[in-house]
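Geometric and topological summary
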Amino acid sequence: MIITGYRQAYKRDLSEDVKSAVSRQLRNIFLSMLACERDTSSEVDPNKAKRDAEDLWNWLAGGETKLGIDKSQLDAILVSRNPLQLREIFDAYTHMAGCDITDSIEKEFNGDVRDTYLTIG
């Protein structure tokens, strides 16, 4: 695991170093990734993908309820779903929003946060 290897190599806690080295905007994304909670299966749940896509649509594109961005939920979806599930989510999002998820991310975020979300997604 990367956290153990980091501790052995540098005699420091990676999570603490991330907290002190990156901006507040990136901190939660990186800490979520370090938690290693990504689903490693190859299973796809179309119903869950549709629910996630609806949430993303509401947060990013205004959707039906115009909720505004909930970054903690966005982070949770992007870092915990397996790649096949993410593809299903993004396809459902495109169908609902009429645009690709990357277009919405590019409109809503800038700088390192945008680049990080685009890399994960």
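Residue indices begin from 1 for each chain and proceed along its sequence in written order. With the structure being a predicted model, the display of local features is reserved for residues of pLDDT at least 70 and the display and counting of side-chain atom pairs for 80 or more, all residues being used for whole-chain, interface and lining totals. Side-chain descriptors were evaluated using all non-hydrogen atoms of the structure, hydrogens and water having been removed beforehand.

A word on the nonpolar core
Nonpolar side chains in soluble globular proteins tend to be buried together. Selection criterion: Residues enter a nonpolar core if they are buried and are Ala, Val, Leu, Ile, Met, Phe, Trp, Tyr or Cys, with the set joined through side-chain atoms within 4.5 Å. Summary of the burial criterion: residues with accessible area below 20% of their type's maximum are buried, those above 50% are exposed, and those between are partly exposed, where the area comes from a 1.4 Å probe applied to protein chains only. Helix and strand definitions follow DSSP, with helices as H or I runs of at least four residues and strands as E runs of at least two, each counted in order from the N terminus. Any two residues whose heavy atoms approach within 4.5 Å at even a single point are treated as in contact.
If you look at the biggest cluster of nonpolar residues, it comprises 29 residues, and the most contacted ones within it are L56, L60, I89, Y93 and Y117. When contributions to this core are tallied by element, the ones reaching two or more residues are α2 (14-21), α3 (24-34), α4 (46-60), α5 (71-80), α6 (83-97), α7 (101-108) and α8 (111-120). The biggest single contributor to this core is α4, with six residues. Ignoring sequence-local partners within four residues, the contact set of I89 consists of A49, D52, A53, L56, I77 and R81.

Digging into the packing of aromatic side chains
Describing an aromatic ring pair means giving the distance of the ring centres and the angle of the ring planes. Note the cut-off: Pairing of aromatic rings covers Phe, Tyr and the six-membered ring of Trp, with a centre-to-centre limit of 6.5 Å; geometry is then stacked below 30 degrees between planes, edge-to-face above 60, and tilted otherwise.
Scanning all chains against the criterion turns up two aromatic pairs. Measuring from ring centre to ring centre gives 4.8 Å for Y6 and Y10, while their planes differ by 40°; the resulting arrangement is tilted. Of this pair, Y6 and Y10 are both found in helix α1 (residues 2-10), four residues apart, which corresponds to roughly one turn of the helix. By relative accessible area, which is 18% here, Y6 ends up buried. Centroid distance F109 to Y117: 4.9 Å. Interplanar angle 55°. Geometry classified as tilted.

A short note on the side chain of T116
In this structure, T116 sits in helix α8. We classify T116 as buried; its relative accessible area is 12%. Setting aside its immediate chain neighbours within four residues, T116 contacts L26, I29 and F30.

Digging into unusual backbone geometry
Only a minority of non-glycine residues have a phi that is not negative, and only a minority of peptide bonds are not trans. You will see that K11, though not glycine, has its phi angle at about 60°, which is positive. With respect to the helices, strands and loops of the structure, K11 is situated in the loop between α1 and α2.

Observations concerning the packing of α2 against α3
Rules: To define axes, lines are fitted to C-alpha atoms, for helices over the stretch in contact only, and angles between the resulting N-to-C directions are given on a 0 to 180 degree scale. For classification purposes, an angle smaller than 35 degrees is called roughly parallel, one larger than 145 roughly antiparallel, one from 65 to 115 roughly perpendicular, and anything else oblique. Left-handed is the label given to a crossing in which the near helix is rotated counterclockwise from the far helix by less than a right angle, and right-handed is the label when the rotation is clockwise. For this classification, Asp, Glu, Lys and Arg are treated as charged, while Ala, Val, Leu, Ile, Met, Phe, Trp, Tyr, Cys and Pro are nonpolar and the rest, including Gly, are polar.
Interaxial distance between α2 and α3 falls to 9 Å at its minimum, and their mutual angle equals 165°. When the axes of α2 and α3 are compared, the pair comes out roughly antiparallel. Every pair of crossing elements has a handedness; the one defined by α2 and α3 is right-handed. Taken together, the residues of α3 that come into contact with α2 (itself represented by L14, S15, V18 and K19) are R27, F30, L31 and L34. Classifying every residue of the contact of α2 with α3 gives five nonpolar, one polar and two charged.

Overview of the confidence of the model for the chain
Where we set the bar: A residue's pLDDT is simply how confident the predictor is in it, with values from 0 to 100.
Summing up the model confidence of the chain, the mean pLDDT is 87 and the portion of residues at 70 or higher is 91%. Mean pLDDT across the secondary structure elements of the chain bottoms out at α3, with 83, and peaks at α6, with 95.

Let's talk about the pattern of salt bridges
Side chains bearing opposite charge may pair, as long as their charged atoms lie close to each other. Test applied: For this document, the term salt bridge refers to a Lys or Arg side-chain nitrogen within 4 Å of an Asp or Glu carboxyl oxygen.
Scanning all chains against the criterion turns up seven salt bridges. K50 serves as the salt-bridge partner of E54, at 4.0 Å between the closest nitrogen and oxygen. Placement of the pair is E54 and K50 together in helix α4, with a separation of four residues, close to one helical turn.

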